[in-house]
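# Topology and contacts: notes
These are the residues of each chain, in order.
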Amino acid sequence: MKNKKGILSVILVLILTFALSACSTENKEASGEQTDNIETIKVGTMGTYNPFSFEDRDGKLTGYDLEVLRLLEKQDSSLKFEFVAAPWDSLFVGLDSNKFQMLANQITTNPDREANYYLTKNRYFTCVAEIVVREGTTGINSLKDLEGKKIGLTVGDSFTRLVEDWNTANGNILTIVYYEQGIETILQDLVSGRIDATVNDPIVARDKAKIQGLAVEPVGERIAADPTYFIFRKDEDGKELRDKVDVALKNIIDDGSLAKLSIEWFGVDYTK
């Protein structure tokens, strides 16, 4: 009898152990803990480019671009993004070296980018280019009005490329002052009178100027309105990731949640 009781005790222990183990697995799945091998996708972004990519008061990276990606995570559970802040001039270098698997920083297209990288087929925003001057400035409403004046631009920026192309096509009449730093320094020099104008997205310029307590304003008509895309390495892994992001992006366009996000951030649907 004692042996039978001993055997029964062992069997009961094994049953309870299996049951607890099964519950543990079920609880992990129910609580949303990662049970599959979902790779985290590292996303390069400036983290200083309000209101598209910046740190909030708690040190969390946020901004319109990053919240679009958070919407994509909800759309496709296999997408898991980790945002890594880096200066603008190191973003593409980081992508090339696989430090990042994609970039999100209000990036528009140009021939060099199309030749060397994959871009999402779907846009997620329309980036506007406009002349920005000191508040109260008169006589500047177009690039032609900047002849004989100084225009400050960031090296390698899409706005810089836009102005350079215009300048080449119009007899190189503009005097361009190049900056390694971002728009913050340019706006400071604009208000102090070191330069006469810059070209940027008026949303960004207003937001940055407000933070710095600077008085600037956009003038004239839009120089351009270009779609923005997420950027990936031009290899098989990059293409596979681009295609997966594109599917999720198309879904949030079709269900209206992307337009809703734009209106929440800017009061206007900039997704078209």
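Heads up: the structure comes first, above all this text.
Attention in this report is confined to the structure presented alongside it. Just so it is clear, the model here is predicted, and its values are computed rather than measured.

## What about the overall build of the protein?
Within the protein one finds 9 helices and 12 strands. Residue burial in the protein is summarised as follows: out of 272 residues, 44% are buried. Restricting the contact set of the protein to residue pairs at least 6 apart, pairs at least 24 apart contribute 73%. Per element, the accessible surface of the protein, about 14,800 Å² overall, is 50% carbon and sulfur.

## Focus on unusual backbone geometry
Residues other than glycine predominantly adopt negative phi, and peptide bonds predominantly adopt the trans conformation. Here Asn 50 and Pro 51 are connected by a cis peptide whose omega angle stands at -5°. Located in the positive-phi region is Asn 172, a residue other than glycine, with phi close to 50°. Counting through the fold element by element, Asn 172 comes out in the loop between helix 5 (158-169) and strand 10 (175-179).

## Description of the nonpolar core
Counting residues in hydrophobic clusters, the biggest one holds 73 residues, and the most contacted among them are Phe 81 and Phe 230. With 7 residues, strand 12 (residues 216-233) is the single largest residue contributor to this core. Those residues in contact with Phe 81 that lie beyond four places of it in its chain are Thr 40, Ile 41, Val 43, Leu 69, Leu 72, Glu 73, Met 102 and Val 245.

## Regarding the pattern of salt bridges
If you walk through the whole model with that rule in mind, you get 9 salt bridges. Of the charged contacts in the structure, one is a salt bridge between Glu 67 and Arg 70, with a shortest N-O distance of 2.5 Å. Linking Glu 67 with Arg 70, this pair stays in helix 2 (residues 64-75), spanning 3 residues, or about one helical turn. Taken as a pair, Glu 67 and Arg 70 share a single burial class, namely buried. Between Arg 194 and Asp 189 there is a salt bridge whose closest N-O contact spans 3.1 Å. Residue classification places Arg 194 among the exposed residues on the basis of a relative accessible area of 56%. Three or more residues are tied together by salt bridges with common partners; here these are Asp 112, Arg 161 and Asp 165.

## Some points on the sheet that holds strand 3 (residues 53-55)
One open sheet accounts for 3 strands, arranged 2-3-4; its pairing is antiparallel. Of all strands in the sheet, those bounded by a partner on one side alone are strand 2 (48-49) and strand 4 (61-62). The sheet contact formed by strand 2 and strand 3 spans 2 bridges and is antiparallel. Directly across from Thr 48, in strand 3, lies its bridge partner Phe 54.

## Details of the packing of aromatic side chains
Counting across every chain of the model gives 14 aromatic pairs. Relative to Phe 230, the ring of Tyr 124 has its centre 4.1 Å away and its plane inclined at 5°; by these criteria the two rings are stacked. Of this pair, Tyr 124 sits in the loop between strand 7 (117-119) and strand 8 (125-134) while Phe 230 sits in strand 12; the two residues are 106 residues apart in sequence, bridging distant segments of the chain. Both residues of the pair, Tyr 124 and Phe 230, belong to the buried class. Members of the aromatic cluster, joined through ring pairs, are Tyr 49, Phe 52, Tyr 64, Tyr 124, Phe 125, Phe 230, Phe 266 and Tyr 270.

## Some thoughts on the pairing of strand 12
Note that strand 6 (residues 102-108) and strand 12 share 4 bridges and pair antiparallel. Note that in strand 12 the partner of Ile 107 across the bridge is Tyr 229. Pairing of strand 8 with strand 12 involves 9 bridges; the strand directions are antiparallel. Counted as the bridge partner of Val 128 is Ala 225 from strand 12.

## Brief notes about the packing of helix 2 against helix 9 (residues 257-266)
At a minimum axis separation of 11 Å, helix 2 and helix 9 run at an interaxial angle of 150°. On the basis of the axis angle, helix 2 is roughly antiparallel to helix 9. Pair helix 2 / helix 9 crosses with right-handed handedness. Across the interface between the two elements, Tyr 64, Glu 67, Val 68 and Leu 71 from helix 2 touch Ser 257, Leu 258, Leu 261, Ser 262, Trp 265 and Phe 266 from helix 9. For the contact of helix 2 with helix 9, the class distribution of residues is 7 nonpolar, 2 polar and 1 charged.

Parameters at a glance
Residues numbered from 1 in each chain as written. Predicted model: local features only at pLDDT ≥ 70, side-chain atom pairs only at ≥ 80, totals over all residues. Heavy atoms only, no water. Helix = DSSP H or I, 4+ residues; strand = E, 2+ residues; numbered from the N terminus. Buried < 20%, exposed > 50% of the residue type's maximum accessible area, 1.4 Å probe, protein only. Contact = heavy atoms within 4.5 Å. Areas by Shrake-Rupley, 256 points an atom, 1.4 Å probe, with all protein chains shown as cover. Core = buried A, V, L, I, M, F, W, Y, C linked by side-chain atoms within 4.5 Å. Salt bridge = Lys/Arg side-chain N within 4 Å of Asp/Glu carboxyl O. Pairing = 2+ DSSP bridges. Phe/Tyr/Trp six-rings, centres within 6.5 Å; stacked < 30°, edge-to-face > 60°. Axes fitted to C-alpha atoms, helices over the stretch in contact; angles between N-to-C directions. Parallel < 35°, antiparallel > 145°, perpendicular 65-115°, else oblique. Left-handed = near helix turned anticlockwise from the far one by under 90°. Nonpolar A, V, L, I, M, F, W, Y, C, P; charged D, E, K, R; others polar.

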